[in-house]
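Each chain is listed here by its residues.
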Amino acid sequence: MPTLDCRTLERPVIDRQLFERLVVAVARRIIAASDTLSELDRTIGDGDHGINMRRGMEAVLAGREMVLDLAFGQALQAIGHQIVGSVGGASGPLVATWFLTLGRNWPQSGTDLPIDAFEAALQAVKARGRSDVGQKTLIDVLAPVTEAIKSGLACRELGGLANRAAEATKPMLATRGRAAFLGDRSIGHMDPGACSVALMIETAAGLLAKAEERMA
Ligand SMILES: Nc1ncnc2c1ncn2[C@@H]1O[C@H](COP(=O)(O)OP(=O)(O)OP(=O)(O)O)[C@@H](O)[C@H]1O
Ligand SMILES: [Mg+2]
């Protein structure tokens, strides 16, 4: 039976139609949550996270026709370029780095699992932000999600895992990004970047899980 285990995402499993649905759903989810994301950022940052992410996702939506026919790795890189070209703030370059590195490392051969690509993308974001797990940033969602993908967790489990990881940033003390300036006052609030990454993963993994059910 074909499987959409998150390690095996590739065309032709993700065909053009499913790819477009993924791009549109993820972008719309972030745009719809823009006010909530900015509200989180108002509490422990400067209040622009929703605006930053919305701008990036509007660029991805507007430019999607240009990426849908590319090979999957190139399409991911093109999305990274669209984000970096449209989003200011700390989050834009970090999210863009994830897409660019994932795409650059996506296996040429359909038989290779993209485990190394997901790991490389995580490491690149860490390097870009000079950050690591436990600092109350989007890394605290990306890292456990990457581990889960590497260990073969089913797509239908991934959204819940990402949301729990975002929740788990609440009690953390921020030591990176603007929230670090707040010291102890950063404790008790969800990190906005962790929230938006969790929303993107929940949306993408949910759609992939449904596609998997249809294929079963
Ligand atoms: N050094 C870092 N490493 C990893 N993630 C970071 C880092 N700095 C910020 N972040 C993430 O970015 C999010 C904030 O993104 P946002 O779009 O609000 O940018 P910003 O911090 O306001 O940037 P700027 O100060 O340039 O406007 C944080 O919630 C955090 O998850
Ligand atoms: Mg901000």
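All values derive from a computational prediction rather than experimental measurement. Per chain, residue numbering runs from 1 following the sequence as it is written. Starting at A for chains and at 1 for ligands, labels are handed out in the order in which the entities are written. Under the rules for a predicted model, residues below a pLDDT of 70 receive no local features and side-chain atom pairs below 80 are neither given nor counted, while totals for whole chains, interfaces and linings still include all residues.

Draft legend 1. Highlighting the overall build of the chain. Only DSSP runs of H or I reaching four residues or more are called helices, and only runs of E reaching two or more are called strands; each is numbered from the N terminus. From N to C terminus, the chain includes ten helices and zero strands. In the chain, the succession of helices and strands from N to C terminus is α-α-α-α-α-α-α-α-α-α. We compute the radius of gyration over the C-alpha atoms and compare it with the globule rule, which gives 2.2 Å times the number of residues raised to the power 0.38. For 216 residues, the compact-globule formula gives about 17 Å, and the C-alpha radius of gyration of the chain, at 16 Å, lands near that figure. Along the three orthogonal principal directions, the C-alpha set of the chain runs to about 50 × 35 × 30 Å. Every one of the 216 residues in the chain was classed for burial, and the buried ones make up 46%. In the chain, 64% of the contacts between residues at least 6 apart in sequence involve partners at least 24 apart. Counting other C-beta atoms within 10 Å of each residue's C-beta, where C-beta atoms are placed from the backbone, gives the exposure class: buried for 20 or more, exposed for 12 or fewer, partly exposed between. Contacts here follow a simple rule: the backbone-placed C-beta atoms of the two residues must lie within 7 Å.

Draft legend 2. Expanded view of the site of ligand 1. Inspection of the region around ligand 1 gives 23 residues, with G89, G129, T137, G177 and G193 positioned closest. Those elements giving two or more residues to the shell around ligand 1 turn out to be α3 (49-62), α6 (91-104) and α10 (192-215). For the shell around ligand 1, the element with the highest residue contribution is α10, accounting for three residues. Throughout this description, a residue near a molecule or strand is one whose C-beta atom, derived from the backbone, lies within 6 Å of it.

Draft legend 3. Geometry of the packing of helix α2 (residues 34-44) against α3. For the pair α2 and α3, the least separation of the axes is 6 Å and the interaxial angle reads 140 degrees. The segment α2 lies against α3, with S34, D35, T36, L37, S38, L40 and D41 engaging H49, G50, I51, M53 and R54. Each residue is assigned to one of three groups, with Ala, Val, Leu, Ile, Met, Phe, Trp, Tyr, Cys and Pro labelled nonpolar, Asp, Glu, Lys and Arg labelled charged, and all others, Gly among them, labelled polar. Here the residues of the contact of α2 with α3 are counted per class, giving four nonpolar, five polar and three charged. Every angle, taken between N-to-C directions, lies between 0 and 180 degrees, and every axis is a line fitted to C-alpha atoms, over only the stretch in contact when it is a helix.

Draft legend 4. The packing of helix α1 (residues 16-32) against α10, seen in detail. At a closest axis distance of 9 Å, the pairing of α1 and α10 adopts a crossing angle of 150 degrees. The hand of the α1/α10 crossing is right-handed. Listed contacts from α10 to L18, R21, L22, A25, V26, R29 and I30 of α1 are S196, L199, M200, T203, A204, L207 and A211. Taken together, the residues that form the contact of α1 with α10 break down as ten nonpolar, two polar and two charged. Working rule for handedness: look at the near helix, and if it is turned counterclockwise from the far one by less than a right angle, call the crossing left-handed; if clockwise, right-handed.

Draft legend 5. Looking closely at the environment of L208. Topologically, L208 is positioned in helix α10. With 24 C-beta atoms counted inside 10 Å, the residue L208 sits in the buried group. Linking L208 and L22, residues 186 residues apart in sequence, is a C-alpha distance of 8.2 Å.

Draft legend 6. Quick peek at the nonpolar core. As used here, a nonpolar core is made of buried Ala, Val, Leu, Ile, Met, Phe, Trp, Tyr and Cys residues. They are joined through C-beta atoms within 7 Å. Residues F99, V141, V145, A162, A194, A198 and I201 are the most contacted members of the largest nonpolar core, which totals 58 residues. Looking at this core element by element, the count peaks at twelve residues for α10. Among all residues touching F99, those that are not within four sequence positions of it are L76, Q77, I79, G80 and I83.

Draft legend 7. Representation of helix α9 (residues 155-167) in the model. The end-to-end C-alpha distance of α9, which contains 13 residues, comes to 19 Å, matching closely the 18 Å that a straight helix rising 1.5 Å per residue would cover. Summarising the contacts, the buried residues of α9 are in contact with α8 (139-150) and α10. How far a helix is expected to stretch is found by multiplying one less than its residue total by 1.5 Å.

Draft legend 8. Examining unusual backbone geometry more closely. The backbone of R130 sits at a positive phi, close to 45 degrees, despite the residue not being glycine. For R130, the position within the fold is in the loop between α7 (115-129) and α8. For R130, a count of 8 C-beta atoms within 10 Å corresponds to the exposed category. Even without being glycine, K136 reaches a positive phi, approximately 65 degrees. Position of K136 among the secondary structure elements: in the loop between α7 and α8.

Draft legend 9. Main features of the environment of W106. Structurally, W106 can be placed in the loop between α6 and α7. Distance in space between the C-alpha atoms of W106 and M190 is 31 Å, their sequence separation being 84 residues. Once you skip the residues sitting within four places of it in the chain, W106 turns out to touch F72, G73, L76, P114 and A117.

Draft legend 10. Summary view of α2. Inspection of α2 places L37, S38, L40, D41 and I44 among the buried residues, and these make up the whole buried set. Along the axis of α2, the buried residues cluster in a sector spanning 155 degrees; they form a single face. Check the buried side of α2 and you find it contacts α3 and α10. Here, the arc refers to the directions that run from the helix axis to the C-beta atoms.

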